[in-house]
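Coordinate inspection notes
What follows is each chain in one-letter form.
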Amino acid sequence: MTRTIRYVWAAVAIIASTSLFFTTVLAASADEWTKRSIYQIVTDRFALGNGASPSCDTGEKKYCGGNWQGIISKLDYIQGMGFDAIWISPVVENIEGTTEGGEAYHGYWAQNINSLNAHFGSADDLRSLSNALHERNMYLMVDVVVNHLVANPTSDSWPQTFDYSLLQPFGGSNCFHPECFITDYNNQTDVEQCWLGYSGLPLLDLDTENTTTVATMYNWVKDLVSDYSIDGLRVDTVKHVRKDFWPEFAANAGVYTVGEVFIGDVPYAAPYTNGLDSILDYPTYFAVYNAFTNGASGNMAVIADMVTQAQNQYNHGTFYVGSFVENQDNPRIQSVVSDQSIVKNVMTWPFINDGIPITYYGQEQGYQGGNDPANREALWSSGFNTESKPLLNHIKTLNAARKQAITYNPSFLYSKVNFIPQSSASSTLAVSKPPLLALLTNGGSSSTESWSIPNSAGLFSANETLVDVLTCETVVTGSDGSLSVTARDGLPKVFMPAKTLSPTGSVCAGEAEGPTGFNGA
């Protein structure tokens, strides 16, 4: 790859107010992140360090008590599903009290970027989380917001007035664009220089053309990453900041950066992959969501088309993208689809796609929240149960299979997903990323679907045994290396050649044909 793999190990002594921390700093590159699988957490809704389980009504939009110590206490739970990275909510101090949009429990309404959100814990707590992850060889991704800060209006007049002294380290109106709310998303100047929100909850737009403001943000992100040994950044509202701001921001961060460009259009989103390492792959997300949540009218062929566009137009292709099917800004799949066969098909997608798979907390427990704020439920209400949880086991298996594929095929991470045409193109998808072959359908549990993989695809040899890692059932290819599969339950299938599996591994060891001690290398 063109991007250099870079490790920066250093023993760093960080003196906090009460204690001395010695931590290892790993400046993780995009290439290093490709090997990872990310579990996304809304910090306030995940776990409490004291083990409490308070009531939490998402509709009230209030802090419920989740914190960084709570995350530390549940790392066994996260790692047990096979995840080796977490993405947490923004960590900086937010506006206090109740606004027209509720409290800032989510972390996206910053008021002082040089202080931490005390609701989540102290500086010591955040460093402890970073250290606890690194001791497990796990990565820490932190969400950051550059585009805006938030303050309550001090008058009802127009334009509104604000106490800019609260907005630190800026403190003056000259650091922000003049007040105007975005009304035309086809006007990129408006998108970048006008404000998100509305008169009751304005998000004051930072003037990222102001050289002083720009220098402040570049220095801030460098210090944030260094102070808390952060391995990667998810960057909010990227399309609302001029494109040429991002390359130096990413360079100052010195770690993997993945941006949110909330749009379903590849040509619009693609240029942002030139400034950051990559983006959350929203264009493909929308294609996947529509294909699986619209019943018989859902078209699986659109997924293949969108991925192909992204592969051709994103810088570095789709190898560094964040691949996801749920997050804090979009409805959970089970808010619109209850058929568990369809749910499992959707959940399979990020693990067999190009890029870095991201799973939103609660998906493994079958959470069903709709649009924000309903999709920000408290995970402690699940009891963190790992028994008799089909979706949790589904994720665990997919994580293990992906890791085995990475081990077996050195080119896996940088091989493009390929789509093998099917006769039922609207309801089936055959996705090849050797040694994985995924067969997906949106037909549901009452459907019967068939897939045909011709020998011209060049995937398998004659009479080769393949293992569906989701069931450990086997099939054998034809004498010409072709494959025909029929499923009567609408469940996804993820095949790997038996020769790629280890008899001592965690993926269908009983069906493995690799030698004892084989690790896929």
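In this text the structure is predicted, and so the values were computed from the model without any measurement. (Residues numbered from 1 in each chain as written. Predicted model: local features only at pLDDT ≥ 70, side-chain atom pairs only at ≥ 80, totals over all residues. Heavy atoms only, no water.)

Counting its regular elements, the chain contains twelve helices and 23 strands. Against the compact-globule benchmark of 24 Å for 521 residues, the chain has a radius of gyration of 23 Å, which places it among compact chains. On the principal axes, the C-alpha backbone points of the chain span a range of 75 × 50 × 45 Å. Here the chain holds 521 residues, and 60% of them are scored as buried. (Helix = DSSP H or I, 4+ residues; strand = E, 2+ residues; numbered from the N terminus. Rg over C-alpha atoms; globule rule 2.2 N^0.38 Å. Buried < 20%, exposed > 50% of the residue type's maximum accessible area, 1.4 Å probe, protein only.)

Right, let's get into the state of the cysteines. Inspection of every chain in the model, using the stated rule, returns three disulfides. Across the disulfide from C472 sits C508; the S-S distance is 2.2 Å. In this structure, the disulfide formed by C472 and C508 twists by about -90 degrees around the S-S bond and is classed as left-handed. Taken as a pair, C472 in the loop between β20 (465–468) and β21 (473–476) and C508 in the segment after β23 (493–497) lie far apart in primary sequence, 36 residues in all. The buried category is assigned to C508, whose relative accessible area is 7%. (Disulfide = S-S within 2.5 Å.)

Here we come to helix α12 (residues 390–408). Between its terminal C-alpha atoms α12 stretches 27 Å, which fits the 27 Å expected from 19 residues at 1.5 Å a residue. Residues of α12 that are buried include every one of L391, L392, H394, I395, L398, N399, A400, A401, R402, Q404, A405 and I406, and no others. As for α12, its buried residues are in contact with α3 (75–80), α11 (340–352), β15 (356–360), β18 (436–441) and β23. (Expected span 1.5 Å × (residues − 1). Contact = heavy atoms within 4.5 Å.)

We now examine the UniProt feature "binding site: Ca(2+) 1" (unreviewed entry) in the chain. The UniProt entry lists N147, E192, D205 and H240 under the feature "binding site: Ca(2+) 1" (unreviewed entry), expressed in the numbering used here. These annotated residues cover 94 residues of sequence, and their C-alpha atoms all fall within 8.8 Å of one another, placing them together at a single site. Among the secondary structure elements, D205 is positioned in strand β10 (residues 201–205). Side chain to side chain, D205 and N147 meet in a polar contact 3.3 Å long. Along the chain, H240 falls in the loop between β11 (232–235) and α7 (246–253). Only 2.9 Å separates the side chain of H240 from the backbone oxygen of V191, close enough to count as a polar contact. (UniProt positions renumbered as here; feature names shortened; annotations may be inferred. Polar contact = N/O pair within 3.5 Å; in protein donor to acceptor, adjacent residues only side chain to side chain.)

Let's shift gears to the packing of α11 against α12. At a minimum axis distance of 10 Å, the contact between α11 and α12 shows a crossing angle of 30 degrees. Classified by the angle their axes make, α11 and α12 are roughly parallel. When you trace α11 past α12, the crossing you get is right-handed. In this structure, α11 contributes Q340, V343, K344, M347, T348 and F351 to the contact, and α12 contributes P390, L391, H394, I395, L398, N399 and R402. Residues belonging to the contact of α11 with α12 are distributed by class as follows: seven nonpolar, four polar and two charged. (Axes fitted to C-alpha atoms, helices over the stretch in contact; angles between N-to-C directions. Parallel < 35°, antiparallel > 145°, perpendicular 65-115°, else oblique. Left-handed = near helix turned anticlockwise from the far one by under 90°. Nonpolar A, V, L, I, M, F, W, Y, C, P; charged D, E, K, R; others polar.)

A few words on the pairing of strand β6 (residues 110–116). For a regular strand, the rule is simple: side chains alternate between the two faces of the sheet. Counting buried positions over the seven residues of β6 gives five, a clear majority of the element. In the sheet, strand β5 (residues 92–94) pairs with β6 via three bridges, with the strands oriented antiparallel. Pairing of N94 across the sheet is with A110, part of β6. (Pairing = 2+ DSSP bridges.)

The feature "active site" (unreviewed entry), as given by UniProt, occupies D236 and E260 in the numbering adopted here. The named residues occupy 25 residues along the chain; their greatest pairwise C-alpha distance, 5.3 Å, places them in one compact cluster. Position of D236 relative to the elements: it lies in the loop between β11 and α7. Sequence-distant contacts of D236, that is, excluding residues within four places in its chain, are made with Y108, D143, V144, V145, H148 and E260. For D236, the side chain forms a polar contact with the side chain of T237, separated by 3.2 Å. Residue placement: E260 occurs in the loop between β12 (256–259) and α8 (266–269). Leave out the neighbours within four places in its chain, and E260 touches R234, V235, D236, T237, V238, K239, L280, Y282 and D329.

Turning next to the packing of helix α6 (residues 211–228) against α7. At a closest axis distance of 8 Å, the pairing of α6 and α7 adopts a crossing angle of 30 degrees. As far as their axial angle goes, α7 and α6 are roughly parallel. Handedness of the α6/α7 crossing: right-handed. Counting all contacts with α6, which are made through M217, Y218, V221, K222 and V225, the residues of α7 involved are E248, F249, N252 and A253. Of the residues contributing to the contact of α6 with α7, the split by class is six nonpolar, one polar and two charged.

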